[in-house]
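Chain residues, written in single-letter form:
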Amino acid sequence: MTTLRADDVDRFRRDTPGTEDVIHLNNAGSALPPTQVTDTVLDYLREESVRGGYETAAAHAERIQGVYGSIARFLGADAADISVTDSATRSWQAVFYAMRFQPGDRILTCRSEYASNAIAYLQVARRTGALVEVVEDDASGQLDVADLERRVDDRVKLIAITHVPTQGGLVNPAEEVGAIAERAGIPFLLDACQSAGQLDLDVRRLRCDALSGTGRKYVRGPRGTGFLYVHPRLRERIEPAMLDLHSATWTAPDRYEVAPDGRRFETWERNYGLVLGLGAAVDYAMAVGLPAIEERVTALAARLRADLSQVPGVTVHDQGRRRCGIVTFSVAGIDAAEVKNHLSAATINTSTTHAESYQYDQEVRRLPAMVRSSVHYYNTEDELRTLVETVEKLT
Ligand SMILES: *Cc1c(COP(=O)(O)O)cnc(C)c1O
């Protein structure tokens, strides 16, 4: 693996005009895209406006198809296993709502599960009589693999967890979960929305049956894009809850056939400019190198946690054996929203967390409202120092 050097980082920052204007530490919300991404989208939209939407899509058909190959290489998958959608949520829903549950079937998830996923479990549990169970965390704060293993039996019909939660720097042990799920023959659905683009993901290593991600976060793609991987062994077993003339073919007046590949989880209409922008973002990330990105993001965040912990009154809240680029903290006596506003006045972009979005986690952690500063490989040590100094001045 090649480690990123200072001149590499300078080059990436030159590719990212936003780095001149703001200290962007909200990469878990929506990262700054490289110029290559923005130009790809704008060029395409301009071409559509003078050439016609269908004509432009036809002229770029091969490039558009190439996006599937890019995402497949990014995840260690085959292009046929990839779907392109408009968000991580749409991707995740396409798989989850395709699954059929009976009364008493069990769905196992994690404490740090994403709110939208938890809401979907509750809805489906209410409709079908399936049961939702939250696997405990271990002492480090990651999913307790032993507790998961104890719960597995033939009534468990789905294991679905969040790899990296929106509310902290934890990395759940997805590979160990994948090994357990595969051994038991239970579908494993991984929400990789926060890990894709900052960690080096490989679906063969993760042994997941399905993985969902978004374009705008660590992948640095445009908003309104998402992607999905589904292993053929799951894809062949499930039919999407909703179909159209793209995900299926009307083969006779009383018959249809569902698309054999990842198209079955898509719909016909899409913004091809954004699709190409997502492809450009994925290609850019792979040119930088996923292992190198992971190394730098993890190191910068570890440094930021250490420096913030030195500031009197500041508590860093991230947990887990393995941690990533998301750093959450609170300042004694000062509301998180106030800290965030103070930081934005100094052109430092961060975000805040909301306890109602992580109810399972909150049951045991009882966290205060937190500031979330999420670093990317294009951030610098100087920027992190500025963040710490700005927080210091507040306290
Ligand atoms: C942001 C997020 C999502 C949702 O992604 P969208 O693209 O907004 O649908 C899902 N899971 C996690 C863990 C997230 O942080």
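Rules and cut-offs
- Residues numbered from 1 in each chain as written.
- Predicted model: local features only at pLDDT ≥ 70, side-chain atom pairs only at ≥ 80, totals over all residues.
- Heavy atoms only, no water.
- Helix = DSSP H or I, 4+ residues; strand = E, 2+ residues; numbered from the N terminus.
- Rg over C-alpha atoms; globule rule 2.2 N^0.38 Å.
- Buried < 20%, exposed > 50% of the residue type's maximum accessible area, 1.4 Å probe, protein only.
- Areas by Shrake-Rupley, 256 points an atom, 1.4 Å probe, with all protein chains shown as cover.
- Lys, Arg positive; Asp, Glu negative; His and termini not counted.
- Charge placed at Lys NZ, Arg CZ, Asp CG, Glu CD.
- UniProt positions renumbered as here; feature names shortened; annotations may be inferred.
- 1 Å grid on protein atoms, 1.4 Å probe; cavity = no way out; pocket = protein on both sides within 12 Å on 5 of 7 lines; lining within 4 Å.
- Points joined across faces, edges and corners; volume = space filled by probe spheres on them.
- Nonpolar A, V, L, I, M, F, W, Y, C, P; charged D, E, K, R; others polar.
- Axes fitted to C-alpha atoms, helices over the stretch in contact; angles between N-to-C directions.
- Parallel < 35°, antiparallel > 145°, perpendicular 65-115°, else oblique.
- Left-handed = near helix turned anticlockwise from the far one by under 90°.
- Contact = heavy atoms within 4.5 Å.
- Core = buried A, V, L, I, M, F, W, Y, C linked by side-chain atoms within 4.5 Å.
- Domains from an automatic or database assignment.
- Buried area = accessible area lost by both parts, 1.4 Å probe.
- Salt bridge = Lys/Arg side-chain N within 4 Å of Asp/Glu carboxyl O.

Novice: Can you lay out the overall build of the protein for me, pointing to particular residues and giving the numbers?
Specialist: Secondary structure summary: the protein contains 15 helices and 15 strands in total. Against the compact-globule benchmark of 21 Å for 395 residues, the protein has a radius of gyration of 21 Å, which places it among compact chains. By its C-alpha atoms, the protein is 70 × 55 × 35 Å across when sized along the principal axes. By the burial criterion, 57% of the 395 residues in the protein qualify as buried. For the protein, the exposed surface amounts to about 17000 Å²; the carbon and sulfur share of it is 50%. Here the protein contributes 45 positively and 56 negatively charged side chains, and the mean placements of these two sets differ by 2 Å.

Novice: Describe in detail the UniProt feature "domain: Aminotransferase class V" (unreviewed entry) in the protein, supporting the description with residues and values.
Specialist: Those residues carrying the UniProt feature "domain: Aminotransferase class V" (unreviewed entry) are residues 23-386 in this numbering. Between the C-alpha atoms that bound residues 23-386 there is a distance of 9 Å. The span itself is 41% helix and 17% strand.

Novice: Break down the layout of surface pockets for me, with residues and values.
Specialist: Leftover empty space is mapped by rolling, across the atoms, a probe with the size of a water molecule. Taken as a whole, the largest pocket encloses approximately 550 Å³ of empty space. Looking at the lining of the largest pocket, the elements that each hand over two or more residues are β2 (82-85), α5 (88-96) and α11 (272-288). Of the residues in the lining of the largest pocket, the class split is ten nonpolar, eight polar and seven charged. Contributing to the lining of the second largest pocket are 17 residues, with Ile64, Gln65, Tyr68, His246 and Arg263 lying nearest its centre. Listed by contribution, the elements that provide at least two residues to the lining of the second largest pocket are α3 (53-59), α4 (61-75) and α11. Ranked by residue count, the leading element in the lining of the second largest pocket is α4, at four residues.

Novice: Describe the packing of α5 against helix α6 (residues 115-128), listing the residues and the values that go with them.
Specialist: Axis separation between α5 and α6 bottoms out at 11 Å; the angle between their running directions is 25 degrees. By the angle between their directions, the pair α5 and α6 is classed as roughly parallel. Two packed elements cross with a definite hand, and for α5 against α6 that hand is right-handed. When α5 is examined against α6, the residues Thr89, Trp92 and Phe96 are found in contact with a partner set consisting of Ser116, Asn117, Ala120, Tyr121 and Val124. A class-by-class count of the residues in the contact of α5 with α6 yields five nonpolar, three polar and no charged.

Novice: Any details on helix α8 (residues 174-184)? Residues and values, ideally.
Specialist: Taken together, the buried positions of α8 are Ala174, Val177, Gly178, Ala179, Ile180 and Ala181. Looking at the packing, one finds that the buried side of α8 touches α7 (145-151), β5 (156-162), β6 (188-191) and α9 (203-206). Positive backbone phi, approximately 70 degrees, marks Gly185, located one or two places after α8.

Novice: Can you break down the nonpolar core residue by residue, with the values?
Specialist: In this structure, Leu75, Ile159 and Leu211 are the most contacted members of the largest nonpolar core, which totals 87 residues. The leading source of residues in this core is α11, at nine residues. Both of domain 1 (6-16 + 289-394) and domain 2 (39-287) provide at least three residues apiece to this core. Contact partners of Leu211, with chain neighbours within four places excluded, come to Leu75, Leu190, Ala192, Leu201, Val203, Leu206, Phe227, Leu228 and Tyr229.

Novice: Describe in detail the packing of helix α2 (residues 35-51) against α11, supporting the description with residues and values.
Specialist: The geometry of α2 relative to α11 is characterised by a closest axis approach of 8 Å and an angle of 160 degrees between their N-to-C directions. Considered as vectors, α2 and α11 are oriented roughly antiparallel to each other. In terms of crossing hand, the pair formed by α2 and α11 is right-handed. Together, Gln36, Val37, Thr40, Val41 and Tyr44 of α2 and Tyr272, Gly273, Leu274, Leu276, Gly277, Ala280, Ala281 and Tyr284 of α11 make up the contact between the two elements. Grouping the amino acids of the contact of α2 with α11 by side-chain chemistry returns nine nonpolar, four polar and no charged.

Novice: Which residues make up the domain arrangement of the protein, and what values do they have?
Specialist: How big an interface is tends to be reported as the loss of accessible area on association of its parts. When its domains are assigned, the protein resolves into domain 1 (6-16 + 289-394) and domain 2 (39-287). Relative placement of domain 1 and domain 2: their C-alpha centres are 27 Å apart. Domain 1 puts 34 residues into the contact, and the matching count from domain 2 is 35 residues. Taking both sides of the interface into account, the surface hidden between domain 1 and domain 2 amounts to around 2900 Å²; carbon and sulfur atoms contribute 51%. Interface area lost by domain 1 to domain 2 is led by Leu290, Arg322 and Tyr360, which between them contribute 26%. Our count for the contact surface shared by domain 1 and domain 2 stands at two salt bridges. Note that Arg321 and Asp138 form a salt bridge whose closest N and O atoms lie 2.6 Å from each other.

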